[in-house]
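Each chain is listed here by its residues.
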Amino acid sequence: GNVEFRVGEIENLPVPDNAVDVIISNCVINLSADKPCVFREAFRVLSPGGRMVICDLVLREPLSIPIQGHAKAYVSYVAGALVKDAYIGLIRAAGFEAVTIISEKSFPDGCVIDDAEAPELARKLKIRRRELAEHAVSALSLAVKATKPGK
């Protein structure tokens with residue numbers, strides 16, 4: 001009785017202002033082309049004192065231009081990811097307080113080297129699989145919590 005599911009876009013949530021107590025998200029914000037809008041929308045719909053807990057893919061350092069522009073890299077989440085400090089900065093810029101990193105985990109390079117699509121991606125990018133793996137270890141799984149001021 002206290003949970004409701006709605007279909008919508010994360011850049012334009014179908015929810016009135018100040019109507020939600022908690023937002024949770026698992027690895028989808030990095031797929032948005034307008035991440036600042038996503039965090040502004042989350043802030044808008046949260047009630048004062050509301051909480052947001054998200055897990056997403058971020059980077060330690062920017063990806064090379066060839067990987068940023070490769071469709072398979074984007075579909076596999078990497079090319080759309082921001083550098084961690086920029087990601088946290090967007091959350092704060094939206095107005096959130098008490099922005100806290102709950103956990104931060106690296107992906108082992110074997111995740112890329114052993115991936116079935118790694119040889120094709122490395123060939124298209126004209127790099128060795130080891131170089132591809134070096135980019136992959138830049139990726140982090142980041143869990144963050146933040147609060148909308150109030151109450």
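Residues numbered from 1 in each chain as written. Predicted model: local features only at pLDDT ≥ 70, side-chain atom pairs only at ≥ 80, totals over all residues. Heavy atoms only, no water.

Visitor: What exactly am I supposed to notice about the pairing of strand β2 (residues 46–59) here?
Guide: Taken residue by residue, a regular strand's side chains alternate between the two faces of the sheet. Sheet topology note: the strand β1 (residues 20–26)/β2 ladder contains six bridges and is parallel. In the strand pairing of β2, Val-20 is matched with Leu-46. The pairing of β2 with strand β4 (residues 139–147) spans nine bridges and is antiparallel. In the sheet register, Asp-56 faces β4, and the bridge partner there is Leu-142. (Pairing = 2+ DSSP bridges. Helix = DSSP H or I, 4+ residues; strand = E, 2+ residues; numbered from the N terminus.)

Visitor: Would you take a moment to explain unusual backbone geometry for this structure?
Guide: Excluding glycine, most residues fall at negative phi; most peptide bonds, likewise, are trans. Positioned with a positive phi, Asn-18 is a non-glycine residue whose angle comes to about 55°. Along the chain, Asn-18 falls in the segment before β1. Here Asn-18 falls in the partly exposed class, since its relative accessible area comes to 41%. Even without being glycine, Cys-27 reaches a positive phi, approximately 60°. Look at Cys-27 and you get partly exposed, because its relative accessible area is 23%. (Buried < 20%, exposed > 50% of the residue type's maximum accessible area, 1.4 Å probe, protein only.)

By themselves these figures say nothing about function.
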